[in-house]
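If you want the building blocks of each chain, they are given just below.
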Amino acid sequence: MSDVEATPNPELLDKVINLAKRRGFVFPSAEIYGGFRSTYDYGPLGVLLLRNVKNAWWRSMVQLRDDVVGLDAAILSPPAVWAASGHLATFTDPLVDCKQCNERLREDQIDGICPKCGSRDLTPARAFNLMFKTHAGPIEDDGAVAYLRPETAQGMFTNFLNVQVTTRKKPPFGIAQVGKSFRNEITPQNFVFRTREFEQMEMEYFVPPAESPKWFDYWIDERYNWYQALGIDKSKIRIRHHDPDELSHYSTGTADIEFLFPWGWGELEGVANRTDFDLKAHSAASGTKLEYFDQASNERYTPHVIEPAAGATRAMMAFLLSAYEEDEVGGEVRTVLRLHWRLAPYQVAVLPLSKKPELEAVSREVLTMLQNHFMVDYDVTQSIGKRYRRQDEVGTPFCVTIDFDSLEDNAVTLRDRDTTEQVRVPIAELLGVITNRMN
Ligand code: ATP
């Protein structure tokens, strides 16, 4: 755990937002219509980065384990789910209006002062439910009400029996899901940190009740380490246990994994001990017993649940912020994203030194060979120096340059993003050399 004091760095935030727009990571949504507040579209590089974040999560949570299986549940769901889960009654934020400038604010974020006009003349707080409500089908009556899920978790609870019976998993086992969630946030802010439409990566880990403290600690540790293994520096990440009065309605213990954002510490992920709250609530409301029968002990019980719940879009932003650096190469300032190769939009760029057909032919052969294994960019425009800078700026770990010597010696120049070191590698060995450097 780290005790670094938050040093706000608004300049870094501006630089990263600017880079994200300029290079096609993140665009403001509906921009040609003036934008739609706090919604974003992920461009050609953003979709790769975001997908890599989600894939890295899936790999560590599902692929490399034998006790966690996946799910992709519906986004639309009936009110009964959210009545049982408690969201209809309690998934609210305290909304106040500034009587001077009419700004709508979240009372728990403002210390009694309107941040827009400085007035203390605010309305009393009222509970504002964050769920997006819509209607399924052509008739907009009460019977057609549906909600966009505000978290992916409930899909794992309502499918507990389906998954347990079809996979024959025994507690402790988990169900993992990655997907969109929607919250009608009162004050979306800070780029993609808090938006109304976002992506989550959540896992519900079902355990025998007595084992829940052990697994709570285990998952805090696992998740804290995951961010660091993907390049987030130890000084920029910390674990913060919630005070008892901060806990959600379903939780007996929660620890947030926080990142040092440019404005201070902010949550990346919450690890919660949800006890048997959700399975019991859905059992009672649906009439279907969501329990586990342990044949060894001849006992029937409701598992307790440990939930690591992360934001994919928020994590992507943290990875971008933490990777952004400016250093000096050849007497010039360069911008470099030191992204882990697993997250970088492109792992390799293939750069023919000139547009001469004979060079293009070899370059395209190298491109095809590498595309089988990696996401590869192909760039033939402008000077090689400029092309290196462009790749550095979007975090491409390796550049492969094909020059006229390549036609003679069947070798290429392999350049490393972080050291800018260049080595000559035979084309026949290129794949092996790059693969080795990535491990
Ligand atoms: P916060 O306190 O920041 O509103 P929360 O504690 O309500 O978040 P959870 O319900 O624990 O969030 O959701 C799990 C994760 O989902 C969060 O840690 C965050 O990464 C992500 N998340 C939640 N709300 C948003 C949002 N509006 N925009 C982007 N990501 C979000």
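Calculation notes
Residues numbered from 1 in each chain as written. Predicted model: local features only at pLDDT ≥ 70, side-chain atom pairs only at ≥ 80, totals over all residues. Heavy atoms only, no water. Axes fitted to C-alpha atoms, helices over the stretch in contact; angles between N-to-C directions. Helix = DSSP H or I, 4+ residues; strand = E, 2+ residues; numbered from the N terminus. Parallel < 35°, antiparallel > 145°, perpendicular 65-115°, else oblique. Left-handed = near helix turned anticlockwise from the far one by under 90°. Contact = heavy atoms within 4.5 Å. Nonpolar A, V, L, I, M, F, W, Y, C, P; charged D, E, K, R; others polar. Pairing = 2+ DSSP bridges. Near = heavy atom within 4 Å. Polar contact = N/O pair within 3.5 Å; in protein donor to acceptor, adjacent residues only side chain to side chain. Areas by Shrake-Rupley, 256 points an atom, 1.4 Å probe, with all protein chains shown as cover. Buried < 20%, exposed > 50% of the residue type's maximum accessible area, 1.4 Å probe, protein only. Domains from an automatic or database assignment. Buried area = accessible area lost by both parts, 1.4 Å probe. Arc of directions from axis to C-beta.

Right, let's get into the packing of helix α2 (residues 44-63) against helix α7 (residues 212-229). Relative orientation of the contacting elements α2 and α7 amounts to 140°, with a least axis distance of 12 Å. Relative to α7, the element α2 lies oblique. Pair α2 / α7 crosses with right-handed handedness. Between α2 and α7, the residues in contact are V53, A56, W57, S60 and M61 and W219, R223 and W226, respectively. Per-class residue counts for the contact of α2 with α7 are 6 nonpolar, 1 polar and 1 charged.

Spatially, the 5 strands line up as an open sheet ordered β21-β20-β22-β23-β24, and their pairing is mixed. Two strands lie at the open edges of the sheet, namely β21 (376-378) and β24 (422-426), each paired on one side alone. The average angle at which neighbouring strand axes cross in this sheet is 25°, direction not considered. Pairing of strand β20 (residues 348-352) with strand β22 (residues 398-402), which is carried by 5 bridges, proceeds in the parallel orientation. Bridge pairing in β22 links V350 to V400. Here helix α11 (residues 384-393) sits on the sheet and contacts β20, β21, β22, β23 (411-416) and β24; the angle it forms with β20, its principal contact strand, is near 170°. On the sheet, helix α13 (residues 427-437) packs against β20, β22, β23 and β24 and is oriented at approximately 130° with respect to β24.

For the rest of this paragraph, the subject is the site of the ligand. If you check the shell around the ligand, you find 15 residues, and the closest are R183, E185, R194, T195 and E267. Within the contact set of the ligand, an oxygen atom lies 2.6 Å away from a side-chain nitrogen or oxygen of R194. The side chain of E267 places a nitrogen or oxygen atom 2.6 Å from an oxygen atom of the ligand. Look at the ligand: alone it shows 580 Å² of surface, and the protein chains cover 83% of it. Sort the elements by how many residues they give to the shell around the ligand and strand β14 (residues 264-275) lands first, with 4 residues. Split by residue class, the shell around the ligand holds 5 nonpolar, 4 polar and 6 charged.

Glancing now at unusual backbone geometry. Cis geometry is found at the peptide bond from P171 to P172, where omega equals 0°. Looking at the element boundaries, P172 is found in the loop between α6 (160-167) and β10 (173-182). Phi at R168 is positive, roughly 55°, even though this residue is not glycine. As for its position among the elements, R168 is in the loop between α6 and β10. Judged by its relative accessible area of 71%, R168 is exposed. The phi torsion at N190 lies on the positive side, around 55°, for a residue other than glycine.

When the domains of the protein chain are assigned, the result is domain 1 (10-76 + 151-320) and domain 2 (346-438). Each of domain 1 and domain 2 has a C-alpha centre, and the two are 37 Å apart. Facing the 7 residues of domain 1 at the interface are 6 residues of domain 2. Interface area, domain 1 with domain 2, both sides summed: about 550 Å², of which 59% is carbon and sulfur. Contact with domain 2 buries surface across domain 1, with R23, L45 and L48 losing the most and accounting together for 65% of the total.

With 6 of 6 residues buried, β23 is to be regarded as a mostly interior element. Two strands pair when backbone bridges link them, and β22 and β23 are joined in this way by 4 bridges, in the antiparallel orientation. By the bridge assignment for β23, F398 is matched with D416. The pairing of β23 with β24 spans 5 bridges and is antiparallel. In the strand pairing of β24, A411 is matched with P426.

Read across the sheet, 7 strands follow the order β3-β10-β11-β17-β14-β13-β12 without closing on themselves; strand pairing throughout is mixed. Each edge of the open sheet carries a strand with a single partner, namely β3 (68-70) and β12 (237-241). With direction set aside, neighbouring strand axes in the sheet form an average angle of 25°. With 3 bridges connecting them, β3 and β10 associate as parallel partners.

Residues separated by three or four positions in an α-helix point in the same direction, a consequence of the helix having 3.6 residues per turn. Buried within α13 we find I427, L430 and I434. Taken end-on, α13 shows its buried residues confined to a sector of 15°, consistent with a single buried face. With respect to the buried face of α13, the exposed residues turned more than 90 degrees away are A428 and N436. Tucked inside the fold, the buried residues of α13 contact β20, α10 (357-371), β22, β23 and β24.

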